[in-house]
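What the coordinates show
Here are the chains, one letter per residue:
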Amino acid sequence: MRQVVEAASALDDKDFLAVVRAVVERRPSLSVLLSVVDTAAASLDPNRVEGADEDTITDAEEVELPDTVVEVDEIIDVPVVLATDPRIPEPDYTEGGVPTFDRVREKIEGRFGTSTGSAELAHESPAGKTVDEQWDERQKAAKAKLEEIRRSMGK
């Protein structure tokens, strides 16, 4: 592993990025790293044409890979952290990460709709119908008891 690091350290930035790009483009799971390498290469090369296709390569972009081949005994898996990647705010949030009024209103309305729907579904279920029937029976019993008390008092 040290030999790989030493060989990579000996390269200038442009050649190093070309090597990393050649390795990364064969690994679809590292597509984020590929975009970072392309961005870094574009910042190093002032002759790079903005908006050029991948197939369109200018003379300034053509870089030959070094002939150095290094045998690697161990591969170390390290997560890639993009410290320079600007965070794009989520929709309905300000640049500072604060939700907008519309976002808050939608969230409240969504929760209200969910609670209303849950209550309706609960009443439509067999258990919910049983509870409703018990409530109705208690209401009828309460009315009957009230009438009985009124009659006993002579009203």
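These remarks concern the structure in this document. (Residues numbered from 1 in each chain as written. Predicted model: local features only at pLDDT ≥ 70, side-chain atom pairs only at ≥ 80, totals over all residues. Heavy atoms only, no water.)

**Thoughts on helix 2 (residues 13–24)**
- Compared with the 16 Å implied by 1.5 Å per residue over 12 residues, the 16 Å span of helix 2 between its first and last C-alpha is a close match.
- Looking only at helix 2, the buried set comprises Leu17, Ala18, Val20, Ala22 and Val24.
- Contact partners of the buried residues in helix 2: helix 3 (31–44). (Helix = DSSP H or I, 4+ residues; strand = E, 2+ residues; numbered from the N terminus. Expected span 1.5 Å × (residues − 1). Buried < 20%, exposed > 50% of the residue type's maximum accessible area, 1.4 Å probe, protein only. Contact = heavy atoms within 4.5 Å.)

**Some words on the packing of helix 2 against helix 3**
- Where helix 2 contacts helix 3, the two axes come as close as 10 Å, and the packing angle between them is 155°. As judged from the angle between their axes, helix 2 and helix 3 are roughly antiparallel. Every pair of crossing elements has a handedness; the one defined by helix 2 and helix 3 is left-handed. Taking contact as the criterion, the partners of Asp13, Lys14, Leu17, Val20, Arg21 and Val24 in helix 2 are, on helix 3, Leu33, Leu34, Val37, Asp38, Ala40, Ala41 and Leu44.
- When grouped by side-chain class, the residues that make up the contact of helix 2 with helix 3 number nine nonpolar, no polar and four charged. (Axes fitted to C-alpha atoms, helices over the stretch in contact; angles between N-to-C directions. Parallel < 35°, antiparallel > 145°, perpendicular 65-115°, else oblique. Left-handed = near helix turned anticlockwise from the far one by under 90°. Nonpolar A, V, L, I, M, F, W, Y, C, P; charged D, E, K, R; others polar.)

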